[in-house]
Amino acid sequence: VLGLGIWSMHFIGMLAFSLCTEVSYSPSITILSALPGVLACWFAIELLSKKVLTRTQLIHGGVLVGAGIGVMHYTGMAAMQMAVTLRYDPFWYAVSIVVAVLLAILALYSRLSCFSFSSFFTFKSVIDLSISLYTSCRSCNSDIYSSIVL
């Protein structure tokens, strides 16, 4: 359920993204894009259910969760069907994946550390989402826009 919630939040964000052209989505690729998010969340929940989590497990878990969310996002973008061609700036593409991984490590760490303030997690989630969306959208260029700047 958590993975599908994250996927649907990203997909709704993509639906809200407007270009000066008509955009449709490949149903098969769109459905397939949910899988990495679901697997990443399943892995995160498995990690968080452990009583003891080593630093190595935390880092490996953050890499897998962050990469899973990144794969979900970019697979969803690959499902876009439109008249323009999307191109990715390699620097911002890499930054978006690094940001996703670092935020996943931070999220796993903060859940396991002494922080237990729900308002902290709500604020952190909003900041995480904003940074992730900015970097992933910043990596994308189309024939219409020279770059997307939020």
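Chains are numbered independently. Their residues run from 1 in the order of the written sequence. The model is predicted, so local features are restricted to residues of pLDDT at least 70 and side-chain atom pairs to those at 80 or more, both for listing and for counting; the totals for chains, interfaces and linings are taken over all residues. Hydrogens and water molecules were not included; the side-chain quantities draw on all heavy atoms of the structure.

J.: For the overall build of the chain, give the residues involved together with the corresponding values.
T.: Secondary structure summary: the chain contains six helices and four strands in total. The contacts of the chain with a sequence gap of at least 6 include a subset with a gap of at least 24, amounting to 77%. Here, Shrake-Rupley sampling with a 1.4 Å probe gives the accessible areas, and only protein chains in the shown set may cover a residue. With an accessible surface of roughly 8,900 Å², the chain has 71% of that area assigned to carbon and sulfur atoms. Strands are runs of DSSP state E lasting at least two residues, helices are runs of H or I lasting at least four, and both sets are numbered from the N terminus onward. The contact rule is simple, with two residues in contact once any of their heavy atoms fall within 4.5 Å.

J.: Quick rundown of the side chain of S26? Include the residues and the values.
T.: By secondary structure assignment, the location of S26 is in the loop between strand 1 (23–25) and helix 2 (27–32). Between buried and exposed lies partly exposed: a residue is buried under 20% and exposed over 50% of the maximum accessible area for its type, with that area taken using a 1.4 Å probe on protein chains only. Taking relative accessible area as the criterion, S26 reaches 10% and is therefore assigned buried. When near neighbours in sequence (up to four residues on either side) are disregarded, S26 contacts A79 and Q81.

J.: Pulling in residues and values, what's your account of the nonpolar core?
T.: Core analysis: the biggest nonpolar cluster contains 24 residues, and Y25 and M80 have the highest contact counts within it. Contributing elements (two or more residues each) for this core: helix 1 (2–16), helix 3 (34–48), helix 4 (55–78), strand 2 (80–82) and helix 5 (90–112). Per-element accounting of this core gives the leading share, six residues, to helix 4. Residues contacting M80, with those up to four places away along its chain left out, are M14, L19, V23, S24, Y25 and L86. We define the nonpolar core as a collection of buried residues of types Ala, Val, Leu, Ile, Met, Phe, Trp, Tyr and Cys that are connected through side-chain atoms lying within 4.5 Å of one another.

J.: Any details on the confidence of the model for the chain? Residues and values, ideally.
T.: For every residue, the predictor reports its confidence as pLDDT, a number between 0 and 100. Confidence along the chain averages 77 in pLDDT terms, with 73% of residues attaining 70 or more. Taken element by element, the chain is modelled with least confidence in strand 4 (residues 140–142), mean pLDDT 53, and with most confidence in helix 2, mean pLDDT 94. Every residue in residues 142–150 scores below 50 in pLDDT, and together they form 25 contacts with partners more than four places removed in sequence or on other chains.

J.: Account for helix 1, naming residues and giving values.
T.: With 15 residues, helix 1 extends 21 Å from end C-alpha to end C-alpha; this agrees with the ideal 21 Å at 1.5 Å per step. Of the residues making up helix 1, those classed as buried are G3, W7, H10, F11 and M14. Down the axis of helix 1, the buried side of the element spans an arc of 100°, and every buried residue falls inside it. Turned more than 90 degrees away from the buried face of helix 1 sit I12, L15 and A16, all of them exposed. Contacts from the buried residues of helix 1 go to strand 1, helix 2, helix 3, helix 4 and strand 2. One fewer than the residue count of a helix, multiplied by 1.5 Å, yields its expected span. Taking the helix axis as origin, the arc is that swept by the directions to the C-beta atoms.

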